Every structure is written in C-alpha cells, then in structure tokens.
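Okay, here's what each chain looks like letter by letter:
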Amino acid sequence: MDYIFICLVAFIGAALTLFSGFGLGTMLLPVFGLFFPIEIAIVLTSIVHFLNNIFKLSLFGKKANVSVILKFGILALLFSFLGAYTLKTLLNIKPLFQYSIVGNTFEVTVIKLVIGFLLLFFALIDFVPKYKKMEFDQKYLPIGGILSGFFGGISGHQGALRSAFLIRTNLSKEAFIASGVVIACLVDVSRLSVYLPQIISNKVNIEYRLIVLATLSAFSGVYLGNKLLQKTTIKTMQNAVAFLLAIYSILLITGVL
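These lines cover the structure that appears in this document, whether it is placed above or below. (Residues numbered from 1 in each chain as written. Predicted model: local features only at pLDDT ≥ 70, side-chain atom pairs only at ≥ 80, totals over all residues. Heavy atoms only, no water.)

**A short note on the pattern of salt bridges**
Scanning the model with the defined rule gives one salt bridge in all. Where D188 meets R191, a salt bridge forms, and the shortest distance between an N and an O atom there is 3.1 Å. Placement of both D188 and R191 in helix 9 (residues 173–200) is noted, with a separation of three residues, approximately one turn of the helix. (Salt bridge = Lys/Arg side-chain N within 4 Å of Asp/Glu carboxyl O. Helix = DSSP H or I, 4+ residues; strand = E, 2+ residues; numbered from the N terminus.)

Take a look at the structure:
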C-alpha cells in the first residue's frame, strides 16, 4: 500500500506540474517523509524529480530561452551547491530537544525545523492568492536564480520562486515551461552531486524499487498532462494540497514526524 500511495501521488503530481502550478517535489517530499526520515525523503524525492525532469527535457527542452538560462539558470546551479552543502551541515547538528506526550517521545531537530518552515512557506504561496500572484521584474532574474537555487539545493522547493521571477519575462507558454525544466535539471544535477557520495557510501539507504516505480508513474503523469491537461488549473485541489502540506510542515516542525 505504501508503494501504491507514493506512485499514485507521483503520477497525479507529475500530470499537474506542467500547467496547474503544482510541483512534483512539493507533493512527493511529504509523502516520502511519512515513510522515511526527512533526510532520506529529500534524497528519494530529488532522484525521482531529476529523472522526471530529464523526461520533460526530452519533450520541451529545445524551446528553452538561452538568455533566461544564462541570467537565471547558471546562478541557480551555483547556489544550489551551497544549498545542498547547507543541508549536509544541518544533518550533523544534534537534536535541539526532546519532549514526551502520553508516553510518546518526539525529537525536534534543526533539519526538521528548516525543512518544515520551508514547506510551510511554499504552502502559503500556493494557498494565499496574494502570494500566489507574486511577480518580480526581469532585472531581478539573477537574484531569483540565487534564491531559487539555494532553496532548491536545501529541500528541492524551487518551482514557486522560479515561476515568480520568470513570469515577467514575456516568454511563450512553451518557452516558459522549457526554460523552467532546464533550470530545474541544472539544480537537480548540482544537488544530486552533493547527495550521491552519501548514497554511494551507504549512509543513505535507497529503496531502488520504489524509485523505479515512482519514476515510471511520474513519466506516465507527464505524458497524460501533456495530452489532456494543458490548460487545467484545479484550484480546489491546489488549496487542499497546500492545506495538507501546511499540516505536514507543522508536524515536522514540532518533531511529531
């Protein structure tokens, strides 16, 4: 049932990411986080996210805007390294404190606080109309690359910030999607290069069968989204996901998960 649930979320999330504002990483991280420690959930999500982006790159990559990639993507690539190394540093910090409720002991750690607050922030962006409509002038593209890359390196949540900066570039729908996919791939490559040594040294136990199944589900979702959901925005479902994400964030911050 765990596998079915994760694969279903990967399929639905990937189908909706192209045009509805959903992020596959935003949806997958909490799901993986229900079954694995948060640091392993981040690695699992990053692998599926990267493979899914490679697939989308094969579909849309040729339409990417080179100028946007140079102004935004290169800085995002560089600062995602910094974000990924920041994550590694946070993992080595000892738990802040423990507390017990009804015989159950919960542990609050720095990594859970950071990821929890980031998830809560991006949930608010999806839930609050004022934040969802955030836009930044084109002259701030380099700043957007820095912020999107850094936070992408930490938790993988880069899509909302990236869209807020790219939306004012007057790109066509196809170029907007393609440029976003290229930038996402750059960030994924950089953070995985930091995560991989831990995987290779077996410090992170990877469920490879789950990775394969979730990735195939995401591929199927992208194909469906490309065929059937090109102009779909499901506001009610979006708000529901944001609400559930906020609850998960609070549980993570308080050490319950």
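**Considerations on the packing of helix 7 (residues 141–155) against helix 8 (residues 159–166)**
At a closest axis distance of 9 Å, the pairing of helix 7 and helix 8 adopts a crossing angle of 170 degrees. Judged on the interaxial angle alone, helix 8 and helix 7 are roughly antiparallel. For the pair helix 7 and helix 8, the contacting residues are L141, G144, L147, S148 and F151 in the first and L161, R162, F165 and L166 in the second. The class makeup of the residues in the contact of helix 7 with helix 8 is six nonpolar, two polar and one charged. (Axes fitted to C-alpha atoms, helices over the stretch in contact; angles between N-to-C directions. Parallel < 35°, antiparallel > 145°, perpendicular 65-115°, else oblique. Contact = heavy atoms within 4.5 Å. Nonpolar A, V, L, I, M, F, W, Y, C, P; charged D, E, K, R; others polar.)

**Re the packing of aromatic side chains**
Tallying each qualifying case throughout the model produces four aromatic pairs. Geometrically, the ring pair formed by F72 and F165 is tilted, given 6.4 Å between the ring centres and 55 degrees between the ring planes. Here the residue F72 occupies a position in helix 4 (residues 66–91), and F165 occupies one in helix 8, the gap between them amounting to 93 residues. Judged by relative accessible area, F165 falls into the buried class, the value being 3%. (Phe/Tyr/Trp six-rings, centres within 6.5 Å; stacked < 30°, edge-to-face > 60°. Buried < 20%, exposed > 50% of the residue type's maximum accessible area, 1.4 Å probe, protein only.)

**A few points about the environment of S148**
Residue placement: S148 occurs in helix 7. A relative accessible area of 0% means that S148 is categorised as buried. Between the alpha carbons of S148 and S80 there is a distance of 7.9 Å; along the sequence they are 68 residues apart. Leaving out residues up to four positions away in the same chain, S148 has contacts with F72, Q158, L161 and R162.

**With respect to a nonpolar patch on the surface**
Together, F5, L34, F35, F243, L244, I247, L251, V256 and L257 give the surface a local cluster of nonpolar side chains, amounting to about 750 Å² of exposed area. Those elements giving two or more residues to the nonpolar patch turn out to be helix 2 (24–35) and helix 11 (235–253). For the nonpolar patch, the element with the most residues is helix 11, which contributes four residues. Tracing the backbone shows L244 in helix 11. (Patch = residues over 30% accessible without salt bridge, like charges linked within 9 Å, V, L, I, M, F, W, Y side chains within 5 Å. Areas by Shrake-Rupley, 256 points an atom, 1.4 Å probe, with all protein chains shown as cover.)

**Let's talk about the pairing of strand 2 (residues 104–108)**
Strand direction decides the pairing type here: strand 1 (residues 97–101) and strand 2, joined by five bridges, are antiparallel. Paired with S100 across the strands is T105, a residue of strand 2. Remark: two residues form the turn of the hairpin made by strand 1 and strand 2, two consecutive strands paired antiparallel; V102 in that turn has positive phi of roughly 50 degrees. (Pairing = 2+ DSSP bridges.)

**Observations concerning the nonpolar core**
F32, I38 and I115 are the most contacted members of the largest nonpolar core, which has 41 residues in total. Every element with two or more residues in this core is listed here: helix 1 (2–17), helix 2, helix 3 (38–60), helix 4, helix 5 (110–127), helix 9, helix 10 (208–228) and helix 11. Ranked by the residues each element gives to this core, the list is headed by helix 3, at nine residues. The residues contacting I115, other than those within four sequence positions of it, are L29, I38, I42, I154, S155 and L252. Ranked by size, the runner-up nonpolar core spans twelve residues in total, among them F72, A76, L171 and V182. (Core = buried A, V, L, I, M, F, W, Y, C linked by side-chain atoms within 4.5 Å.)

**Considerations on the side chain of R162**
With respect to the helices and strands, the residue R162 is situated in helix 8. Lacking a salt bridge, the buried R162 has D188 as its closest oppositely charged neighbour, with an N-O distance of 7.9 Å. Non-local contacts of R162, meaning those with residues more than four positions away in its chain, are made with F72, S148, G180, I183 and A184. (Lys, Arg positive; Asp, Glu negative; His and termini not counted.)

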